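Inside the fold
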Amino acid sequence: MSDLKQLCVTLSEDEFRSLQFYAHSKGHSSESFAQHIIKERLHTYLLSEAKHSDDRRTAPRVQVSIPAVSLVNFPDNTSRSYPVTIRDISKDGMRISFPEIDSAIYQQLRKATDFEIVFTVPKTATTIAFSCNVCRVISSDSVQFAGRFDPESAGGVRMLDNLFN
């Protein structure tokens with residue numbers, strides 16, 4: 001038995017004629033074109049949900065606001081240092097935000113490959129450094145990086161245990 005489901009749709013006469021006309025102009029039957037439209041829309045929706053999911057990490061994230069300094073590395077082997085704020089952190093990575101920056105720096109940050117970050121862990125006053133690979137560059141109310149800890153520096157995550165408890 002197949003796991004396919006059948007879907008019936010009710011359209012007005014005008015809607016159906018529009019569907020037929022549009023499908024015909026694209027070289028399809030109205031049924032196959034309607035199926036294509038629905039599948040395409042669902043695919044777009046699923047991708048959008050995946051991008052905006054609150055928790056895509058394998059480890060739970062903890063919301064924080066920790067000032068830090070980040071050294072951002074670019075593909076042309078140049079690096080620049082920026083003050084940042086760590087917005088959330090998990091045992092796999094972190095999200096950092098940059099203070100207000102101009103569009104030229106934003107365009108440059110979009111090309112970043114990885115970053116190093118140095119900060120003082122709250123409660124313990126221990127200074128720690130991590131290397132992270134840039135997973136996403138986010139531009140909303142501020143420019144942010146979502147980064148995954150480099151495997152070589154991920155061992156230091158145990159120094160953050162007080163943040164996860």
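Data block above holds the structure.
Residues numbered from 1 in each chain as written. Predicted model: local features only at pLDDT ≥ 70, side-chain atom pairs only at ≥ 80, totals over all residues. Heavy atoms only, no water.

A closer look at the pairing of strand E6 (residues 143-149)
Applicable threshold: Relative accessible area decides the class of each residue, using a 1.4 Å probe on protein chains only: under 20% of the type maximum gives buried, over 50% gives exposed, and in between gives partly exposed. Here a helix means four or more residues in a row that DSSP labels H or I, a strand means two or more in a row labelled E, and each is numbered from the N terminus. Pairing between two strands is assigned when DSSP locates at least 2 bridges connecting them.
Where burial is concerned, most of E6 is hidden: six out of the seven residues are buried. Bridging between strand E3 (residues 93-97) and E6 involves five bridges; their strand directions are antiparallel. Looking across to E6, one finds that Met94 is bridged to Gly147. Relative to E6, strand E5 (residues 126-139) is paired through seven bridges, and the arrangement is antiparallel. Considered in E6, the bridge of Ser139 is made with Val143. Here E5 hands over to E6 after three residues, the two strands then running antiparallel side by side.

Some remarks on the pairing of E5
When strand E4 (residues 114-121) meets E5, the two strands line up antiparallel, connected through eight bridges. Of the residues in E5, the one forming a bridge with Glu116 is Ser131. Turn length for the E4-E5 hairpin, with the two strands adjacent in sequence and antiparallel, is four residues, and the turn residue Lys123 shows positive phi of about 75°.

A short note on a nonpolar patch on the surface
Put simply, the rule is: Patches in this entry comprise residues that are over 30% relatively accessible and not in a salt bridge; like charges within 9 Å are linked, as are nonpolar side chains (Val, Leu, Ile, Met, Phe, Trp, Tyr) within 5 Å. All accessible areas in this document rest on Shrake-Rupley with a 1.4 Å probe, and a residue is counted as covered only by the protein chains that are shown. When a carboxyl oxygen of Asp or Glu lies within 4 Å of a side-chain nitrogen of Lys or Arg, that pair is called a salt bridge.
Together, Leu7, Val9, Leu11, Phe16, Ile38 and Leu42 give the surface a local cluster of nonpolar side chains, amounting to about 540 Å² of exposed area. Locating Leu11 in the fold gives a position in the segment before helix H1 (13-25). Using a relative accessible area of 37% as the deciding quantity, one classes Leu11 as partly exposed.

Geometric values such as these leave the question of function open.
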